Amino acid sequence: MSGPERDRPTGPVSPAPPSSMPWAPSPTKRDGLAAPRLAALREETVSGTWAAPRSAAVVAMPFRAGVDEGWSQQGTDDMGTAEVKGVLETRDVSCWFGSNKVLEKVSLVMRPRQVTALIGPSGCGKSTYLRTLNRMHELVPSARLSGQVLLDGEDIYGQGVRVTETRLRIGMVFQKPNPFPSMTIAQNVLAGLRLAGIKVDNKDALVQECLSRAGLWNEARFRLNQSGAALSGGQQQRLCIARALAVRPEVLLMDEPCSALDPISTGVIEETIAELSQEITIVIVTHNMQQAQRVSHRCALFLVDGEGRPGHIVEQGPTEQVFGDPQDQRTADYVGGRFG
Ligand SMILES: Nc1ncnc2c1ncn2[C@@H]1O[C@H](COP(=O)(O)OP(=O)(O)O)[C@@H](O)[C@H]1O
Ligand SMILES: [Mg+2]
């Protein structure tokens, strides 16, 4: 951004209802739900009154770890034919808390149908960066940012862009699972829609679809009317993913979604991420280097150069390259476990 730094409004804290995106029925199979049935469910639910107009023909891609240049920044595929939604890009994003600058000129493109992992030691600004991507940074009093965050080429901080709309298109899952304890499992799935005042024709089908996509249907199908709080930690996190998916986000942001989970739950969530990445843009913060290698197509390493200095991206690229052939010595040291 060439203009002066923009002070961001610090409005009242409100829950960030997620949102979603146009996707075509994909042949994904989860939880034993046969692919045609799932496809039919999606047809059903996307044709509901709440569904946004969908012009994009999105074709499901196979999950290809390490794939890099599948999509251009213009939001078309390699052939330039299909419109692709969910290209998230930041240009020179810097962040402050008061006078403390914590991020310096972060530029990154996060592509549809890929998982982008943000890695780096604690305190280097990964969560802060993630929160700029759906305008949660501005919820902190004294928080400021400069630079641009573009979703499909449009600045989400632009004049006239509604923050609620943005948070519907760019959903978020947090470190600690946070289902609404007073709501049932089914109500939790639908909570974001309710908050956004979006009507749904066939709630049961949507609940099933979202729980299936989140890999929770088999475990939750006979207890939909039980409290979300009755689920295990890993199940609660998948419930939060289902809740985020219900509003059909184009992008899903995840801040260390497995750090409070056991290895088996972590594996299930990773499988869910792999499935979802065939349809939407996923950005995940992780401290776990193995996890970054398992789930992501691209990685960006954040570091600070010294005490009190702002975090910045040292290296970004295809995950295989960042881990297997790092271009920067600091990356080699970090992914090699020599610090952090
Ligand atoms: N709400 C806040 N108010 C003031 N400073 C903050 C706030 N949140 C984070 N910070 C500071 O911003 C820097 C980056 O933090 P964070 O984005 O949480 O890093 P990471 O996620 O990489 O651990 C740290 O120095 C942290 O102390
Ligand atoms: Mg963090």
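Residues numbered from 1 in each chain as written. Chains lettered and ligands numbered in written order. Predicted model: local features only at pLDDT ≥ 70, side-chain atom pairs only at ≥ 80, totals over all residues.

(A) Representation of the overall build of the protein chain within the structure. If you tally the helices and strands in the protein chain, you get 11 helices and 10 strands. For the protein chain, with 340 residues in total, the buried portion stands at 48%. Within the protein chain, contacts between residues at least 6 apart in sequence are counted, and of these 74% link residues at least 24 apart. (Helix = DSSP H or I, 4+ residues; strand = E, 2+ residues; numbered from the N terminus. Buried ≥ 20, exposed ≤ 12 C-beta atoms within 10 Å, placed from the backbone. Contact = placed C-beta atoms within 7 Å.)

(B) Region of the structure containing the site of ligand 1. Around ligand 1 sit Phe97, Val102, Ser122, Gly123, Cys124, Gly125, Lys126, Ser127, Thr128 and Val140, and those are all the residues in its vicinity. Take the shell around ligand 1: its biggest share by element is 3 residues, from helix α2 (residues 126-132). Per-class residue counts for the shell around ligand 1 are 4 nonpolar, 5 polar and 1 charged. (Near = placed C-beta within 6 Å. Nonpolar A, V, L, I, M, F, W, Y, C, P; charged D, E, K, R; others polar.)

(C) How the structure looks around helix α8 (residues 263-276). If you check α8, its first and last C-alpha atoms are 20 Å apart, about what 14 residues at 1.5 Å a residue would give, namely 20 Å. Within α8 the residues assigned to the buried category are Val268, Ile269, Thr272, Ile273 and Leu276. Within α8, the buried residues cover an arc of 145 degrees as seen down the axis, which keeps them to one side. Among the exposed residues of α8, those pointing more than 90 degrees away from its buried face are Pro263 and Ile264. On its buried face, α8 is in contact with β3 (115-119), α5 (203-213), α7 (233-245), β7 (251-255), β8 (281-285) and α9 (289-295). (Expected span 1.5 Å × (residues − 1). Arc of directions from axis to C-beta.)

(D) Local environment of the packing of helix α4 (residues 185-196) against α7. Close contact between α4 and α7 brings their axes to 6 Å; oriented N to C, the two are set at 40 degrees. It follows from the interaxial angle that α4 and α7 lie oblique. Between α4 and α7 the crossing geometry is right-handed. Judged by residue contacts, Ile185, Asn188, Val189, Ala191 and Gly192 of α4 engage Leu239, Ala242, Arg243 and Ala244 from α7. (Axes fitted to C-alpha atoms, helices over the stretch in contact; angles between N-to-C directions. Parallel < 35°, antiparallel > 145°, perpendicular 65-115°, else oblique. Left-handed = near helix turned anticlockwise from the far one by under 90°.)

(E) Broad picture of α4. Regarding α4, the residues found buried are Ile185, Ala186, Asn188, Val189, Leu190, Ala191, Gly192 and Leu193. Structurally, α4 contributes buried residues whose contacts are with α5, α6 (217-220) and α7. Positive backbone phi, at 70 degrees, marks Gly197, one or two positions downstream of α4.

(F) View of the nonpolar core. Counting residues in each nonpolar core, the largest one holds 79 residues, and the members touching the most others are Ala242 and Leu301. Filtering out sequence-adjacent residues up to four positions away, Ala242 remains in contact with Val189, Cys210, Leu211, Ala214 and Leu216. (Core = buried A, V, L, I, M, F, W, Y, C linked by C-beta atoms within 7 Å.)

(G) Quick look at the pairing of strand β10 (residues 311-318). Taken across its 8 residues, β10 has 6 buried, putting it largely inside the fold. Direction of pairing for strand β9 (residues 298-304) relative to β10: antiparallel, over a ladder of 7 bridges. Each residue of the ladder has a partner; that of Leu303, found in β10, is His312. (Pairing = 2+ DSSP bridges.)

(H) Highlighting unusual backbone geometry. Phi angles above zero are rare outside glycine, and Arg135 is one such case at about 65 degrees. Inspection of the secondary structure assignment puts Arg135 in the loop between α2 and β4 (143-151). A residue is classified by how many C-beta atoms lie within 10 Å of it, and Arg135, with 23 of them, is buried. Positive phi outside glycine occurs at Glu256, with the angle close to 45 degrees. Examined against the element boundaries, Glu256 turns out to sit in the loop between β7 and α8.

(I) Molecular detail of the pairing of β9. Where burial is concerned, most of β9 is hidden: 6 out of the 7 residues are buried. Relative to β9, β3 runs parallel, the two being bridged by 4 bridges. Looking at the pairing, Ile119 lines up with Leu301 of β9. If you look at the hairpin formed by β9 and β10, you'll find 6 residues sitting between the two strands, and Gly308 has a positive phi there, around 80 degrees.

(J) Quick peek at the environment of Lys126. Counting through the fold element by element, Lys126 comes out in helix α2. Under the C-beta neighbour-count criterion, Lys126 is labelled buried, with 25 such atoms within 10 Å.

(K) Geometry of the packing of α7 against α8. Put simply, α7 and α8 touch, their axes get as near as 9 Å, and they point 20 degrees apart. In terms of axis orientation, α7 runs roughly parallel to α8. Crossing geometry of α7 relative to α8 is assigned as right-handed. Counted together, Gly233, Gly234, Gln237, Arg238 and Ile241 of α7 and Ser265, Val268, Ile269 and Thr272 of α8 form the full contact between these two elements.

(L) Structural view of the environment of Glu104. Mapped onto the elements of the fold, Glu104 is located in strand β2 (residues 100-110). Each C-alpha atom, one on Glu104 and one on Asp92, is 7.4 Å from the other, the two residues being 12 residues apart in sequence. Contacts of Glu104, omitting those with residues within four sequence positions, involve Ser94, Pro310, Gly311 and His312.

(M) Just the environment of Val314, in detail. Structurally, the position occupied by Val314 is in strand β10. According to the C-beta neighbour criterion, Val314 is buried, with 21 such atoms within 10 Å. Once the C-alpha coordinates of Val314 and Gly120 are considered, the two residues, 194 residues apart in sequence, prove to be 9.6 Å apart. Val314 has contacts with Leu301, Leu303, Asp328, Arg330 and Thr331, leaving out every residue within four places of it along the chain.

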